[in-house]
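This is what each chain is made of:
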Amino acid sequence: QVQLVESGGGLVQAGGSLRLSCAASGRTFSSYVTGWFRQAPGKEREFVAVINWNGGNTYYAATVEGRFTISRDNAKNTVYLQMNNLKPEDTAVYYCAAAPRLRMTTRLDEYRYWGQGTQVTVSS
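Residues numbered from 1 in each chain as written. Predicted model: local features only at pLDDT ≥ 70, side-chain atom pairs only at ≥ 80, totals over all residues. Heavy atoms only, no water.

## Some thoughts on the overall build of the protein
- Counting secondary structure elements, the protein contains zero helices and 11 strands.
- Helices (α) and strands (β) of the protein occur, in sequence order from the N terminus, as β-β-β-β-β-β-β-β-β-β-β.
- Taking 2.2 N^0.38 as the reference for a compact globule, 124 residues should give roughly 14 Å; the C-alpha atoms of the protein span a radius of gyration of 13 Å, in line with that estimate.
- The principal-axis extent of the C-alpha atoms belonging to the protein is close to 40 × 25 × 25 Å.
- Of all intrachain contacts in the protein linking residues separated by at least 6 positions in sequence, the fraction that spans at least 24 positions is 59%.
- Just so you have it, the protein exposes about 6400 Å², and 46% of that area is on carbon and sulfur atoms.
- The distance from the centre of the 13 positive side-chain charges to the centre of the 9 negative ones in the protein is 6 Å. (Helix = DSSP H or I, 4+ residues; strand = E, 2+ residues; numbered from the N terminus. Rg over C-alpha atoms; globule rule 2.2 N^0.38 Å. Contact = heavy atoms within 4.5 Å. Areas by Shrake-Rupley, 256 points an atom, 1.4 Å probe, with all protein chains shown as cover. Lys, Arg positive; Asp, Glu negative; His and termini not counted. Charge placed at Lys NZ, Arg CZ, Asp CG, Glu CD.)

Listed below in structure tokens is the structure:
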């Protein structure tokens, strides 16, 4: 069993930065693919970024590539999402999720464990 807790959200002006953290419990987390997703009001939850078990591979949604960076520290059982040059359209609840698999995936239904989410609000 893996439990995920996100933190680091908040209110920031356009062009600013935030770093989200996803702290995990469970010994097996370090072997899981971990992703970040977001859900804006009235919209479906969407993929943002994913990282493989050892941090050697990452993949991003086109809307965030070049601005966001996903990373992980398995010694701390934590995955991060560094968000730079934030835009108002990045406003959403951000969720981390873990999948017990080796290959990265962008599909929500392939993630078994989810955090409760953290709010990110970007003002113009």
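## Considerations on the sheet that holds strand β7 (residues 68-73)
- Taken in spatial order, the four strands line up as β1-β3-β8-β7 in an open sheet, and their pairing is antiparallel. Pairing within the sheet leaves two strands with one partner each, and these edge strands are β1 (3-7) and β7. Sheet twist, expressed as the mean angle between neighbouring strand axes with direction ignored, is 15 degrees.
- As paired elements, β1 and strand β3 (residues 18-25) share five bridges and run antiparallel to each other. Of the residues in β3, the one forming a bridge with E6 is C22. (Pairing = 2+ DSSP bridges. Axes fitted to C-alpha atoms, helices over the stretch in contact; angles between N-to-C directions.)

So yeah, pure geometry; function would need other evidence.
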